[in-house]
Amino acid sequence: LPGQSFASNQPAGHPVPSSFAGPTSNEALLVWVAEVVALTTPNAVVWINGSDEEWAAMAARLVDAGTMIKLDAYPDSYYAASDPDDVARVEGRTFICSVDEKDAGPTNNWMEPAQMKEIMSDLYQGCMAGRTMYVVPFCMGPLDAADPKLGVEITDSEYVVGSMRIMTRVGDEALRLIESVDTFVKCLHSVGAPLAPGAADVTWPCSDTKYITQFPEERTIWSFGSGYGGNALLGKKCYSLRIASAMARDEGWLAEHMLILKLISPEGDVSYIAAAFPSACGKTNLAMLEPTVPGWKVEMLGDDISWMRFGGDGRLYATNPEFGLFGVAPGTGWHTNPNAMRTIEKGNTIFTNVARTDDGGVWWEGMTKQAPDHLIDWKGRDWTPSGVDAQGNTLESAGEPAAHPNSRFCTPITQCPMIAPEYNSPVGVPISAIVFGGRRKTTIPLVSQARDWQHGVFLGSTMGSETTAAATGQVGIVRRDPMAMLPFIGYDAGDYLNHWLEIGKHADQAKLPKIFYVNWFRRDAEGGFLWPGFGENSRVMKWIAERLSGKAAAVHTPIGLVPAVGALDIDGLEVDGRPMSTEQVKQALAVNVDEWKKEIPLIEEWFAFLGETLPSGMSDELAGLKTRLGLL
Ligand code: GTP
Ligand code: SPV
Ligand code: MN
């Protein structure tokens, strides 16, 4: 089979081996499945129908094979440990293979589509030997959407099937839609570890060679070599952000790395808010916020991805394309995110790279203040808080965290006790505020508001954040992460910012969401967090809601509007059991001109890197900021 033509649109009538015919009459799908079978040579092909019985049988086989461990502490929950070298997204191996190099822009890796297909077709050749190939039809977003976004993931990983089943709407209903709509995104995934006849399998097959590749013009995804999260669950970042952002540019909507929440005031006023924070910077936690401010309530609609389009009334409506939560485990506990704990407790969860307790439960750093006396760490080794065993011998795991910093829980969104009843609405919810936020030790105040849409786009475009364990590479380095989308923009970043400006221009200005910028992660001189975060972030959300309703006061600063003295409700706010001092609140909110003067060259360097597609509106905003800081 010539690698080049494989998975491109084949003329009808291409011979389909009858044994792979499958439960569909969709010719394009059957042809594609047959082509992948011929290329990857699996032992068997299984079409996933999405039923509970199907998963029960599959999970039982996975437990028998040692791929997953059944957890006694929660119903129908499983534990998987990845290969220690396959623990996060691999941005360096992620490509946007647009036809034209300039359409990938300076922020993406690029290779000519034909060249990439040749390389990957060689890798795919026979790569499923000895394994079962699964065909997973899925729908991103509600099945009754006017324009359902469909996909089919072909994968040789049972872990991927089990996770896709939680994260997306999988199975027969999606397949029926694929038949009637007749357009779907082809998502090809292999762990890249063929099994020789009679050879023993490992618990987490993967390959040292990894490629995560998007072909935006063809709306096609090819992934090879990794079984982990965003590398392998192709409905998530590859489809719903990289491919969807290119669709959204063409069709006039937004595909964003954002949570969606519903904020309800004591009077019952509702604001829907979307917020973009980079990976492992607080989306899941804010989405499940349990307010400490009396009378305020939050409900969750999504924790990672938001698709937003204008409704007939001129407002921007958001839907969550996902159906599950793939949340960061470390830091999640009853004192930080009780709603996540309640969601997990209900079961039906796949945990990856967490630690296991002696009673068949799970643990990770931050779940409880005190670690249990004994754990099996994510590498399968004995672990104790002291690093010594009962005999006084130092353990191999000593000094290491018990759970990987990017360990995750994968759990159905419907189990979340504070999910908004309208989460499954095919039209979505009207967004009143968009919040950007990074992880910054300095400079960025707790909260500020953009003066207008263009200024808000500027704030998002210049956002910096410390890197986290969600992607491989060094952690804690401040990098620019526009709208928290740096690793997920499926086209040129300057064009992306221009698309944001266009969205603002085409709308009724009064109906556009107001834009805010937050930072939960500012530090004091001793390195401690200035702001207690988590439930206390409701104080910031309250200020945002009251800005929308015109109730809260703000003062102009060179960087935007910040809460006026007394406008942020800090009534009863305590840190470590003591009232938070007004001095500390001031420090969290401070706009420090000297810090901002240091930020300017970083923004200039970033804008220069973006190059000639950077919209002039962004340079205008930068010049305005410099003027206000007294630098021009
Ligand atoms: P992805 O799923 O990777 O996109 O991440 P996310 O943005 O959903 O991040 P998540 O909410 O899972 O938070 C990541 C880490 O940040 C966890 O360890 C949290 O405990 C921590 N975190 C979240 N909110 C706060 C906060 O308000 N203050 C502090 N100090 N830490 C927080
Ligand atoms: C992220 O890294 O932003 C995630 C996890 O949400 S992953 O699915 O791996 O992309
Ligand atoms: Mn994410």
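Residues numbered from 1 in each chain as written. Chains lettered and ligands numbered in written order. Predicted model: local features only at pLDDT ≥ 70, side-chain atom pairs only at ≥ 80, totals over all residues. Heavy atoms only, no water.

## Things to note about the overall build of the protein
Heads up, the condition is: Segments assigned H or I by DSSP are reported as helices when at least four residues long, segments assigned E as strands when at least two residues long, and all are numbered from the N terminus. Radius of gyration here uses only the C-alpha atoms, and the compact-globule reference equals 2.2 Å multiplied by the residue count raised to the power 0.38. The buried label applies to any residue whose accessible area, calculated with a 1.4 Å probe on protein chains only, is under 20% of its type's maximum; exposed applies above 50%, and partly exposed to all values in between. The contact definition used throughout considers only heavy atoms, calling two residues in contact when any of these lie within 4.5 Å. Here the open area of atoms and residues is found with the Shrake-Rupley method and a 1.4 Å probe, where only the protein chains shown may cover a residue.
For the protein, the count of helices and strands is 15 helices and 32 strands. In summary, the protein has a C-alpha radius of gyration of 24 Å against a globular reference of 26 Å for 632 residues, a match within 12%. By residue count, 60% of the 632 residues in the protein fall in the buried class. Counting contacts in the protein only where the partners sit at least 6 residues apart, residues at least 24 apart contribute 72% of the total. Surface accessibility of the protein: about 23,400 Å² in total, with carbon and sulfur atoms responsible for 51%.

## Things to note about the coordination of the manganese ion (ligand 3)
The condition that has to hold: Here a donor is any nitrogen, oxygen or sulfur atom (N, O, S) within 2.8 Å of the metal, with 3.2 Å used for Na, K and Ca; water is not among the atoms considered, so some sites may look incomplete. In these descriptions, tetrahedral denotes four donors with every angle between 85 and 135 degrees, square planar four donors and octahedral six donors with opposite donors over 155 degrees apart and the rest between 65 and 115, and irregular any other case.
At 2.2 to 2.3 Å from the manganese ion (ligand 3) lie its protein donor atoms, namely Lys237 (NZ), His257 (NE2) and Asp304 (OD). For the manganese ion (ligand 3), the six donor atoms in the first shell make angles of 69 to 172° at the metal, a pattern classed as irregular. Every donor residue of the manganese ion (ligand 3) comes from the same chain, spaced as K-x19-H-x46-D. Remark: His257 occurs in the loop between β11 (254–256) and β12 (258–264) and Lys237 occurs in helix α7 (residues 235–251); sequence separation between them is 20 residues.

## Thoughts on the sheet that holds strand β23 (residues 408–412)
Spelled out, the test is: Strand pairing requires that DSSP identify at least two bridges connecting the strands. For helices, the axis comes from a line fit to the C-alpha atoms of the stretch in contact; other axes are also lines fit to C-alpha atoms, and the angle between any two N-to-C directions lies between 0 and 180 degrees.
With mixed pairing, the five strands of this open sheet are ordered in space as β2-β3-β18-β23-β17. Strands at the two margins of the open sheet, each flanked by one partner only, are β2 (69–70) and β17 (324–328). Sheet topology places strand β3 (residues 78–80) next to strand β18 (residues 350–352); three bridges connect them, and they run parallel. Paired with Ala80 across the two strands is Thr352, which belongs to β18. Most of the contacts of helix α9 (residues 338–345) go to β23, to which it runs at about 65°, and overall it touches β17, β18 and β23.

## Structural notes on the site of ligand 2
The criterion, for reference: One heavy atom within 4 Å of a molecule or strand is enough for the residue carrying it to be called near that molecule or strand. What qualifies as a polar contact is a pair of N or O atoms within 3.5 Å, subject to a donor-acceptor requirement within protein and to the restriction that residues adjacent in sequence count only when both atoms come from side chains. Polar here means any residue outside two lists: the nonpolar Ala, Val, Leu, Ile, Met, Phe, Trp, Tyr, Cys and Pro, and the charged Asp, Glu, Lys and Arg; Gly therefore counts as polar.
Surrounding ligand 2, one finds Arg89, Gly229, Gly230, Lys236, Lys237, His257, Ser279, Asp304, Phe326, Arg408, Ala470 and Phe488. Take Gly230: an N or O atom from its main chain is 2.8 Å from an oxygen atom of ligand 2. Between ligand 2 and the protein, one listed contact pairs an oxygen atom with a side-chain N or O atom of Asp304 at 3.4 Å. Starting from 290 Å² of accessible surface for ligand 2 in isolation, the protein chains cover 98%. At the level of elements, α6 (229–232) and α7 are the ones that each hand at least two residues to the shell around ligand 2. In terms of residue class, the shell around ligand 2 is made up of three nonpolar, four polar and five charged.

## Description of empty space enclosed by the protein
Put simply, the rule is: Only protein atoms enter the 1 Å grid, on which a cavity is a set of points fitting a 1.4 Å probe that cannot get out and a pocket is an open set with protein on both sides within 12 Å along at least 5 of 7 lines, lining residues being those with an atom within 4 Å of a point. Grid points are joined across faces, edges and corners, and a volume is the space filled by probe spheres set on the points.
In total, this model carries two cavities of 30 Å³ or more according to the counting rule given. Taken as a whole, the largest cavity spans an internal volume of roughly 70 Å³. Lining the largest cavity are 14 residues, and of these Phe458, Leu459, Thr462, Trp596 and Ile603 lie nearest its centre. For the lining of the largest cavity, the elements supplying multiple residues, two or more each, are α10 (453–462) and α14 (593–610). Looking at the lining of the largest cavity, its residues break down into nine nonpolar, three polar and two charged. The calculated volume of the second largest cavity comes to roughly 30 Å³. What lines the second largest cavity is Ile260, Leu301, Ala318, Thr319, Asn320, Glu422, Tyr423, Ser425 and Gly428.

## A word on the side chain of Asn537
Tracing the backbone through its elements, the reader meets Asn537 in the loop between β28 (514–518) and α12 (538–548). The contacts of Asn537, once residues within four sequence positions are left out, are Leu286, Leu289, Trp520 and Trp531.

## Examining unusual backbone geometry
Of note in this structure, Asp76 is not a glycine but carries a positive phi near 45°. With respect to the helices and strands, the residue Asp76 is situated in the loop between β2 and β3. Take Asp76: its relative accessible area is 42%, and that puts it in the partly exposed class. With a phi close to 55°, Asn348 is a non-glycine residue in the positive phi region. A relative accessible area of 34% places Asn348 in the partly exposed class.

## A closer look at the nonpolar core
How we decide: Only buried Ala, Val, Leu, Ile, Met, Phe, Trp, Tyr and Cys residues count toward a nonpolar core, and they belong to the same one when joined by side-chain atoms within 4.5 Å.
Counting residues in hydrophobic clusters, the biggest one holds 163 residues, and the most contacted among them are Trp364, Phe436, Trp500 and Ile544. Per-element accounting of this core gives the leading share, seven residues, to α7. Once you skip the residues sitting within four places of it in the chain, Phe436 turns out to touch Met258, Ala276, Phe277, Gly456, Gly460, Met463, Met483, Trp500, Ile515, Phe516, Tyr517 and Val518. Leu39, Trp47, Met111 and Met128 belong to the second-largest nonpolar core, a separate cluster that totals 33 residues.

## Focus: the UniProt feature "binding site: substrate" (unreviewed entry) in the protein
Put simply, the rule reads: UniProt positions are given in the numbering used here, feature names are shortened, and annotations may be inferred rather than shown by experiment.
The positions that UniProt labels "binding site: substrate" (unreviewed entry) are, in the present scheme, Arg89, Tyr228, Gly229, Gly230, Ser279, Asn406, Ser407 and Arg408. Looking at the element boundaries, Arg89 is found in the loop between β3 and β4 (94–96). Of the polar contacts made by the side chain of Arg89, one reaches the side chain of Ser279; its length is 2.9 Å. Structurally, Asn406 is set in the loop between β22 (382–383) and β23. Relative accessible area serves as the criterion here: at 2%, Asn406 is assigned to the buried category.

## Considering the packing of aromatic side chains
The following threshold applies: Stacked, tilted and edge-to-face are the three classes applied to pairs of Phe, Tyr and Trp rings, where Trp contributes its six-membered ring and a pair requires centres within 6.5 Å; stacked means planes under 30 degrees apart, edge-to-face means over 60, and tilted covers the rest.
Considering all chains together, one arrives at 21 aromatic pairs under this definition. Ring plane angle 85° and centroid distance 6.2 Å describe the contact between Trp55 and Tyr78, whose orientation is recorded as edge-to-face. With Trp55 in helix α2 (residues 52–65) and Tyr78 in strand β3, the pair connects residues that are 23 residues apart, well separated along the chain. Here Phe516 and Trp543 contribute two aromatic rings whose centre-to-centre distance is 6.1 Å and whose plane-to-plane angle is 85°, an arrangement assigned as edge-to-face.

## Notes on the sheet that holds strand β21 (residues 375–376)
The four strands lie next to each other as β20-β19-β21-β22, forming an open sheet whose pairing is antiparallel. If you trace the sheet from one side to the other, it starts and ends with β20 (362–363) and β22, each paired once. With two bridges connecting them, strand β19 (residues 355–357) and β20 associate as antiparallel partners. Bridging across to β20, Arg356 finds its partner in Val362.

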